[in-house]
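So you can see what is in the structure, the chains are spelled out below.
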Amino acid sequence: MIGLLIKSAFSLLHMWYPEAHQGTPSHASASYSGLMLNLPLLLFVRYVLDWWNEIPYSHLLIPVAGVGVFLGGLASFFSRDVKKALAYSTIEKSNFLCLFLFVSALWKHSEVEEYASLGKSFLILFYLMLLHHSFSKSFQFLSIGYICKKAKTTVMDLCRGVGRVSGLSSLELGIGTMSFASIPGTTGFIAEATLLFLISKTI
């Protein structure tokens, strides 16, 4: 369980993750952030989800995951290094995915029908967000890595304007970000709309 949390860059166990992307080739960052980081979460579904309530104090990890979402988003917003900003954004999304799994595990086998239904719904949301994150983050690391290579730096301020002379259109460079912007029709829009709906049902 602890190994899965560390490998998925869970809250307070994530400090290794941004450093792992420092100087790493973009295709390796895209592979790890978009694909390999999902493996521990899928292992959680396979081996931990059904006996989650047997783990002592497991419910305390739910607010800790919420803290991870906040810290990851805040660090991503203020980071001046492009690759570190994307890495912290990945930490934010990874903790969101953990949050959905923990809530699903808590309620999935509840005797209260409404809770059991919500638990299954949060598991569906987990898979939606997993697809959204995998596609978008892989694309972002590849496209931003291309721009950083052109600019010969990962400092955000020094990369400004490089996209215009990169040979790629704004649409091609931004297609992976459209999902994060929750534009209707994207996986991000479907995932975020489902999240808002489930939050309202939970309340």
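Given the structure is predicted, the values throughout are model-derived calculations rather than measurements.

(A) Quick look at the side chain of Ser134. Along the polypeptide, Ser134 turns up in helix H7 (residues 113-151). A relative accessible area of 15% means that Ser134 is categorised as buried. Non-local contacts of Ser134, meaning those with residues more than four positions away in its chain, are made with Gly34 and Asn38.

(B) Highlighting the packing of helix H4 (residues 38-47) against H7. At a closest axis distance of 12 Å, the pairing of H4 and H7 adopts a crossing angle of 165 degrees. Considered as vectors, H4 and H7 are oriented roughly antiparallel to each other. Once H4 is placed against H7, the crossing between them reads as left-handed. Across the interface between the two elements, Asn38, Leu41, Leu42 and Val45 of H4 pack against Phe126, Tyr127, Leu130, His133 and Ser134 of H7. Taken together, the residues of the contact of H4 with H7 sort by class into six nonpolar, three polar and no charged.

(C) Seen up close, unusual backbone geometry. We note that Leu12 has phi near 70 degrees; this positive angle belongs to a residue other than glycine. Summarising the element assignment, Leu12 is placed in the loop between helix H1 (2-7) and helix H2 (16-20). In the Ramachandran plot, Tyr57 falls in the positive-phi region, its phi being about 60 degrees despite a non-glycine side chain. Considering the arrangement of structural elements, one finds Tyr57 in the loop between H4 and helix H5 (61-78).

(D) Layout of empty space enclosed by the protein. Throughout the structure, instances matching the rule amount to one cavity of 30 Å³ or more. As a volume, the largest cavity reaches approximately 50 Å³. Lining of the largest cavity is provided by Leu4, Leu5, Ser8, Pro40, Leu41, Phe44, Cys98, Leu101 and Phe102. Elements that contribute at least two residues to the lining of the largest cavity include exactly H1, H4 and helix H6 (82-107). Tallied by class, residues from the lining of the largest cavity come to eight nonpolar, one polar and no charged.

Reading guide: rules and limits
- Residues numbered from 1 in each chain as written.
- Predicted model: local features only at pLDDT ≥ 70, side-chain atom pairs only at ≥ 80, totals over all residues.
- Heavy atoms only, no water.
- Helix = DSSP H or I, 4+ residues; strand = E, 2+ residues; numbered from the N terminus.
- Buried < 20%, exposed > 50% of the residue type's maximum accessible area, 1.4 Å probe, protein only.
- Contact = heavy atoms within 4.5 Å.
- Axes fitted to C-alpha atoms, helices over the stretch in contact; angles between N-to-C directions.
- Parallel < 35°, antiparallel > 145°, perpendicular 65-115°, else oblique.
- Left-handed = near helix turned anticlockwise from the far one by under 90°.
- Nonpolar A, V, L, I, M, F, W, Y, C, P; charged D, E, K, R; others polar.
- 1 Å grid on protein atoms, 1.4 Å probe; cavity = no way out; pocket = protein on both sides within 12 Å on 5 of 7 lines; lining within 4 Å.
- Points joined across faces, edges and corners; volume = space filled by probe spheres on them.

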